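A structural walkthrough
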Amino acid sequence: MHRRSPRVLRRLTRRLASSAAFALLAAASGMAGVAGLAATAAPAHADGGTYQQVTGFGSNPGNLQMYEYVPAGLPSGAPLVVALHGCTQSADDYYGHSGWPQYADLWKFAVVFPQTTTSNNIQKCFQWFDPAKDARGGTEAASIVQMVSDAEQRHGSDPHRVFVTGLSAGGGMTADLLAAYPDVFAGGAVDSGLPAQCATSLVAATGCQMNDQNLTPAQWGDKVRNSYPGYAGPWPRVAIWQGTADYTVYPVNATELRDQWTNVWGISQTPSSTQSLPGGTTQSVYNDANGKPAVQVYSISGMGHGLAVDPGSGADQCGSTGAYFLDTICSTSYTARFWGLDGSTGTDPGDPGDPGDPGGGTPQCFTATNYAQVVAGRAHTTGGYTYANGSNQNMGLYNVFVTHTLKETSANYYVIADSGC
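Before going into details, it helps to say that this report is about the structure given with it. (Residues numbered from 1 in each chain as written. Predicted model: local features only at pLDDT ≥ 70, side-chain atom pairs only at ≥ 80, totals over all residues. Heavy atoms only, no water.)

This paragraph deals with the overall build of the protein. When helices and strands are counted, the protein shows eleven helices and 18 strands. Here the protein holds 421 residues, and 54% of them are scored as buried. Residue pairs at least 24 apart in sequence account for 64% of intrachain contacts in the protein once pairs closer than 6 positions are excluded. As presented, the protein carries roughly 16,500 Å² of accessible surface, and 52% of it is formed by carbon and sulfur atoms. (Helix = DSSP H or I, 4+ residues; strand = E, 2+ residues; numbered from the N terminus. Buried < 20%, exposed > 50% of the residue type's maximum accessible area, 1.4 Å probe, protein only. Contact = heavy atoms within 4.5 Å. Areas by Shrake-Rupley, 256 points an atom, 1.4 Å probe, with all protein chains shown as cover.)

In structure tokens, the structure reads:
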């Protein structure tokens, strides 16, 4: 047998560790032979929306690229979604396969598709394992937040309804963004991804992907709280999507994500409810103190590594299949409804309490000072600030000078509706 020198073995070991961390969307063997879908110019959208690259969005310390989809007739005050691709993929891939443009057309919100390149990472991974890149003020995280600010200014997006989602490495970066910028993102969805700040080095990333880190929920929650010291809420609402047959990012990551975000919310790791959904999916819901879903876990039986899509023309069907876009269930539809992008209170399709559903309630609006909103029982105070009951949206200082319109979308659940009721 040919014996390699210790120096060569060390070099091979380093290469293997690097490849494992970069392989969040590549096969464990023959990585070079598994490329993402080719980045081609996206066609004009059937409903008249516009998909294009945006330049000059800020100082861009992370050297990222910004693409966006804007539906025709986008109103001022609409939500904004940020969608992060996985390793080897591109913004075009995520635009073309994820289903987000379909619901942007339907419910009128803009979608930002950040893109990284091989000049940042050889496999085009968002660097969720590097604090210099993924922490508050880190280069890639800061570039994404600059994209949000730019889109908000150009489109008049509602800063209280900004959401982020991502696949694999993009999912890891999503969790990091939710932890580092809870003042920017109202909710998130981590698809086949990892807990916030699981790894702080390239070598540690492999262990996060494959192994139980043996941390308590409180220890996982501390990783979020330490990402923005002094921040006391409100916290983002988080959806977690995971296939049970994922051998790139193992299913234990979904458990760790659940432990992390339920602890941050101060709620139990025992689900408030569970139900079966299409595609062999089991949904577990973890409610906040007001009975509103704060964390949702979607476990898809037999699904490997990728984003769950469900091509078709049904109301809850979306996307198209491709490399790491897997035909099971339309995760985008359920995520969007969880965030309330359909005009509901942020529950699941068919909930009779949703104003957007047949048989749902009729929302009422109340305009008053923050002081008056609290006195009337529509809001509460914490640390000198006012928060809407139910949604926990920050309304600013508790005084008689700041005025907001609150919309009651279900019993004792209020959202800020300053742009119109």
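Turning our attention to the pairing of strand β9 (residues 281-287). A large share of β9 lies buried, amounting to five of its seven residues. As judged from the five bridges shared by strand β8 (residues 273-277) and β9, these two strands associate in the antiparallel manner. Paired with S273 across the two strands is V285, which belongs to β9. Adjacent in sequence and paired antiparallel, β8 and β9 are bridged by three residues, among which G279 carries a positive phi angle near 75°. Summarising the sheet, β9 and strand β10 (residues 293-300) pair through seven bridges and their orientation is antiparallel. Looking at β10, one finds that Q283 is bridged to Y298. Linkage of β9 to β10, two consecutive antiparallel strands, is achieved through a turn of five residues, within which G291 is found at a positive phi near 80°. (Pairing = 2+ DSSP bridges.)

A few words now on the environment of V203. Structurally, the position occupied by V203 is in helix α7 (residues 202-210). Accessibility expressed as a relative area gives 64% for V203, which makes it exposed. For V203 and F129, which are 74 residues apart along the polypeptide, the C-alpha to C-alpha distance reads 9.0 Å.

Once that is clear, we can look at the sheet that holds β8. Paired through their backbone hydrogen bonds, the strands of a sheet run either parallel or antiparallel. The strand order across the open sheet formed by ten strands is β1-β2-β4-β3-β5-β6-β7-β10-β9-β8, and the pairing between neighbours is mixed. On the outer flanks of this sheet lie β1 (50-54) and β8, each paired with one strand and no other. In this sheet, neighbouring strand axes are inclined to one another by 15° on average, regardless of whether the strands run parallel or antiparallel. By the bridge criterion, five bridges tie β1 to strand β2 (residues 65-70) in an arrangement that is antiparallel. Each residue of the ladder has a partner; that of Q53, found in β2, is Y67. Sitting on the sheet, helix α5 (residues 139-155) touches β1, β2, β3 (80-84), β4 (110-115) and β5 (162-167), and the angle it makes with β2 is about 35°. Most of the contacts of helix α6 (residues 169-180) go to β5, to which it runs at about 150°, and overall it touches β3, β5, β6 (187-191) and β7 (237-243). (Axes fitted to C-alpha atoms, helices over the stretch in contact; angles between N-to-C directions.)

So, about the environment of T332. Within the secondary structure, T332 is located in helix α10 (residues 331-338). For T332, a relative accessible area of 2% corresponds to the buried category. If sequence neighbours within four positions are ignored, T332 has contacts with S98, G99, W100, Y103 and C318. Among the polar contacts listed, one links the side chain of T332 to the backbone oxygen of S98, at a separation of 2.7 Å. (Polar contact = N/O pair within 3.5 Å; in protein donor to acceptor, adjacent residues only side chain to side chain.)

With that out of the way, let us pick up the environment of N290. Relative to the elements of secondary structure, N290 occurs in the loop between β9 and β10. N290 gets classed as partly exposed once you look at its relative accessible area, which sits at 48%. N290 sits 99 residues away from N389 along the chain, and the two C-alpha atoms are 8.4 Å apart.

Attention now moves to the sheet that holds strand β15 (residues 385-388). Spatial strand order, β14-β15-β16: three strands in an open sheet with antiparallel pairing. In this open sheet, the two strands that pair with only one neighbour each are β14 (379-382) and β16 (394-397). With direction set aside, neighbouring strand axes in the sheet form an average angle of 30°. Strand direction decides the pairing type here: β15 and β16, joined by three bridges, are antiparallel. Across the sheet, Y387 pairs through a bridge with N394, a residue of β16.

So, about the packing of aromatic side chains. Across all of its chains, the model carries 18 aromatic pairs by this definition. With a centroid separation of 5.8 Å and 45° between ring planes, the pair formed by Y69 and Y95 is classed as tilted. Separated by 26 residues along the polypeptide, Y69 in strand β2 and Y95 in helix α2 (residues 91-97) bring together distant segments of the chain. Grouping residues by exposure puts Y69 and Y95 together as buried. Consider the rings of F163 and W339, whose centres lie 4.8 Å apart with planes at 15°: the pair is stacked. Taken together, the residues F163 in strand β5 and W339 in the loop between α10 and β13 (364-369) connect sequence positions 176 residues apart. Residue W339 is classed as buried on the basis of its relative accessible area of 9%. Through pairs of rings, three or more aromatic residues link up here, namely Y51, Y67, Y69, Y95 and F113. In this arrangement the basic side chain of R136 is found over the ring face of Y228, its NZ or CZ atom lying 3.8 Å from the centre. (Phe/Tyr/Trp six-rings, centres within 6.5 Å; stacked < 30°, edge-to-face > 60°. Lys NZ or Arg CZ within 6 Å of the ring centre and 35° of its normal.)

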